[in-house]
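Structural characterization, general
Okay, here's what each chain looks like letter by letter:
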Number of protein chains: 2
Amino acid sequence: MPKPSAPSGFRDFLPEQFRRRSELVERIRRVYESFGFQGMDTPAMENLAVFQGKGGGENEKLMFHVLKRGADLARALEKGGTELSDMALRFDHTVPLARYFATHRTELPAVFKRYQLGSVWRADRPQRGRFREFMQCDVDVLGSSSPMVEAEVILVAATALVQLGFSDISIRLNSRPLLGALVRSFGIPESHVNAAYIAIDKLDKVSTADVEKELVEKGVPVEAVRSMLDFESSQGASEARLDDVEKRVGDAGRSFLDQLRTVLAITPALPAGRLVFDPFLARGLDYYTGPVFEVVIPDASKPDEAAQTTQGGRTRTMTLGGGGRFDGLIERLGGPSVPACGFSIGFERVFAIMEERGMFVASQRAADLLVAVPSAEAAEFALALGSDLRAQGLAVDVFPGAAKLGAQYELAERKGIPFAVVADPKAAEISVRELSTRQNTALRRSEVGSWVRERLVSPKGTGD
Amino acid sequence: MPKPSAPSGFRDFLPEQFRRRSELVERIRRVYESFGFQGMDTPAMENLAVFQGKGGGENEKLMFHVLKRGADLARALEKGGTELSDMALRFDHTVPLARYFATHRTELPAVFKRYQLGSVWRADRPQRGRFREFMQCDVDVLGSSSPMVEAEVILVAATALVQLGFSDISIRLNSRPLLGALVRSFGIPESHVNAAYIAIDKLDKVSTADVEKELVEKGVPVEAVRSMLDFESSQGASEARLDDVEKRVGDAGRSFLDQLRTVLAITPALPAGRLVFDPFLARGLDYYTGPVFEVVIPDASKPDEAAQTTQGGRTRTMTLGGGGRFDGLIERLGGPSVPACGFSIGFERVFAIMEERGMFVASQRAADLLVAVPSAEAAEFALALGSDLRAQGLAVDVFPGAAKLGAQYELAERKGIPFAVVADPKAAEISVRELSTRQNTALRRSEVGSWVRERLVSPKGTGD
């Protein structure tokens, strides 16, 4: 039999990795809650109709379908196998949220601030850093069209990432309908507006010449492309760029421009980083109807500093998360017309960078103390001593079975356990061994808990 | 369009319910960690071969299969649709654990104590209290065949349930191979041994006469059934019952009896409840190879006390969780021959009982304080004040948009937020309003955090 493994694109989590992931989830959750967002959850799967044609873009094509069962499947196969599935696993948390709000709106606050932390599934081609099951950590505000919502969502996202240790973030801000108007203003034909978004979004990865070539080959008039790229390459502060865009789009874009100006004005000083207008920021999803934003950091993955900028002089960036306003989605799912805006942290990328940079703080120990078991006769005493020391506030690993003490200590050290005691029913005192120094200290049984706790470098478990 | 909903048998979680579920998970996790169990995780789905024929019993039939995609699906349909799926969602945490250990054994401690808290999926007929997606909270010890493992697993399970507030638990203990030998000793034919387990397991729900009738109708000789039921109905302490069983099974059962005697002897005094030998306890799963156990409480769901006992005088019970030894499973999945033993808390039933009995302790508030926004002009100040008060240690909900203050206060009270301040850029002091009493207190901005924290009845969030 070949060695079994997780399915391709799926991951097992070993204890140390699991602990760091739990720490990251917990730190994000705490920031979300500090802003008054409330946790909630939806099922892993939804009826297929919930996902179909709801603006999930490419992700909709990547849904994992759940096979019908029993009689339903037999009927589907009789009909030629066209409707083998009526449910699919969620590919994001936004479309299920819209369905949830449509289902439960009478039970929820008029302005609903929610967070959701959980797995989503996409049948993407497995590749480095891309998985078929991954975490998403979303915040959303439903029920308000005030630009305060954008400001608050940007603030909570920035706060979470800064508290995780990302002190070099920038937030790019744009408006999805404004982008459409701007692209059209260069004479890009309606049929190629989407292609233009996608091409120009690559400008921190490829050169201007490459983007021009790509679009011209697709049939976009070269003058339109050059005019757009010229505009793109000109620099300026957010306010000046907003004025530049206003000159091009005129009245058609005024309300969107005012919205962005308000968001820029009212967003309080971010804990780190800066909020900048980026007239070509697109974000991929079709359900966005207003402002969109993403949080980026400089891409330091190339040690050669020169490689961090493209030929055009742009700084390469990595995206840590993004979001925007999706006012129409809930209505399209059969709910009321409700304004909505949210943000999703790219958990897996954030996790990978934090691992690379050593940004985790959680203790690595499986327990505070090992109760070693010298013989089978000591079993009952060892288990009772373990219970007693737990009642003194320690996390205690009782070795399950008698083995050589050296082997028990070695296993404990491998699990990061700093202290050990030997279960000896006859001893008057407890000898606590510090495993790293091999020093023993004799203590009364009732003193062990406080003595060990005083010597623990950091509290066990997740947290900061 | 009809009102959208979660698929049949699946659940949405509203914020208050989500918070209580999170609290329950967290309290279980803390007890598991206090025993030195390490968290880990496996994917939601596994290759189909992992699940098939691995002793999952009925659950294997209830697997949700994931549909093949693209070319794979097209090929499967050409062949007549017989292999439409090559993955399925996990129906428990035990079979995936065996696969995980087979995959990663070189990276794991020789004795691996793990916990896993997460969803599993079963296409069961939806009914009250039974769901198609539900939580399981498992602990397992891999790599030791010592009866200390059973003792520790029983202890951690009992400790978790007692710390949740279940002070009336009993733990029933048996041995799966011993049960087989015992049932055969009454002359039950080999072909009906399983039917006999299942029938006798119902004795706290139905009468002895019903069980007799069921088995006789299935073709079991009436003398064998009566002899077994007579034995079952005789009472006695664990030690006496072990001796009774030993007289019937003789040498064939001696090693299993000794194992149970050891477990009974070394398990330290449980924090509440008692550990008793129950010679007819079966547990449903075929992968158990040694001791099995379950934690029960008296079923208080019937207010009429007489209804709590069956005709035979047995106390009706509810099972809160169960487990046992499954030594063969990892080898059957292509791994080494490794002894293993674990326990799973029946999260959904425990949750339902705790809700019914009011056993949750978490605060119900979405935030500590609301920043109310009197006008659009106050937006920036309100958001900045929110950040400042968060830095003072409060969870702060800034109202997203200007509205009548009364409406903002009402929404806050509905979300359980106890205090509010009005964002007024011109005010020299901050007036903190206690929403329940409508009393205002003027404070310096820097004092608000400590003042509010002193008045909070219980800390926000999960925990005890």
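My aim in this report is to walk through the structure given alongside it, one point at a time. Because the structure is predicted, anything quoted here is derived from the model rather than measured.

This brings us to the overall build of chain A. Per the secondary structure count, chain A includes 17 helices and 16 strands. With 464 residues in all, chain A has 58% of them scored as buried. Partitioning the intrachain contacts of chain A with sequence separation of at least 6 by distance along the chain shows that 71% fall at a separation of at least 24.

Below, the discussion takes up the relation of the copies chain B and chain A. With an RMSD of 0.0 Å, chain B superimposes on chain A once it is rotated by 180° and translated 0.0 Å along the axis. When the rotation and shift are considered jointly, the pair of chain copies conforms to a two-fold rotation axis. No C-alpha of chain B approaches the rotation axis more nearly than that of B:V66, which lies at 2.3 Å. Residue by residue, 100% of the interface of chain B is reproduced at the interface of chain A, so both copies engage with the same surface.

Attention now moves to the packing of aromatic side chains. Scanning the entire structure with this criterion turns up 30 aromatic pairs over all chains. With centroids separated by 6.4 Å and ring planes inclined at 20°, the aromatic side chains of A:F186 and A:F280 adopt a geometry described as stacked. One end of the pair, A:F186, is in the loop between helix 7 (176-185) and helix 8 (193-200); the other, A:F280, is in the loop between strand 8 (274-277) and strand 9 (291-298), with 94 residues separating them in the sequence. Assessed through its relative accessible area of 3%, A:F280 is described here as buried. In this structure, A:K113 is placed above the aromatic ring of A:F37, and the distance from its NZ or CZ to the ring centre is 4.9 Å. A cation sits over an aromatic face here: B:R241 above B:F231, 4.7 Å from the ring centre.

In this assembly, 99 residues from chain B lie in contact with 99 residues from chain A. A buried area of about 8,000 Å², summed over both sides, lies between chain B and chain A, and 63% of it is on carbon and sulfur atoms. The three residues of chain B that bury the most area against chain A are B:R69, B:M148 and B:P400, which together make up 9% of that side's buried surface. Seen at the junction of chain B and chain A, the total is 4 salt bridges. Notably, a salt bridge pairs B:R99 with A:D12, separated by 2.7 Å at the nearest N-O pair. The tally of links from chain B across to chain A stands at 26 residue pairs in polar contact (both at pLDDT 80 or more). Looking at the side of chain B that touches chain A, its residues break down into 57 nonpolar, 19 polar and 23 charged.

Turning next to the side chain of A:E212. As for its position among the elements, A:E212 is in helix 9 (residues 208-217). Apart from the residues within four sequence positions on either side, A:E212 is in contact with A:V222, A:V225, A:R226 and A:L229.

Rules and cut-offs
Residues numbered from 1 in each chain as written. Chains lettered and ligands numbered in written order. Predicted model: local features only at pLDDT ≥ 70, side-chain atom pairs only at ≥ 80, totals over all residues. Heavy atoms only, no water. Helix = DSSP H or I, 4+ residues; strand = E, 2+ residues; numbered from the N terminus. Buried < 20%, exposed > 50% of the residue type's maximum accessible area, 1.4 Å probe, protein only. Contact = heavy atoms within 4.5 Å. Least-squares fit on C-alpha atoms with pLDDT ≥ 70 in both. Phe/Tyr/Trp six-rings, centres within 6.5 Å; stacked < 30°, edge-to-face > 60°. Lys NZ or Arg CZ within 6 Å of the ring centre and 35° of its normal. Buried area = accessible area lost by both parts, 1.4 Å probe. Salt bridge = Lys/Arg side-chain N within 4 Å of Asp/Glu carboxyl O. Polar contact = N/O pair within 3.5 Å; in protein donor to acceptor, adjacent residues only side chain to side chain. Nonpolar A, V, L, I, M, F, W, Y, C, P; charged D, E, K, R; others polar.

Purely spatial values, then, with no claim about function.
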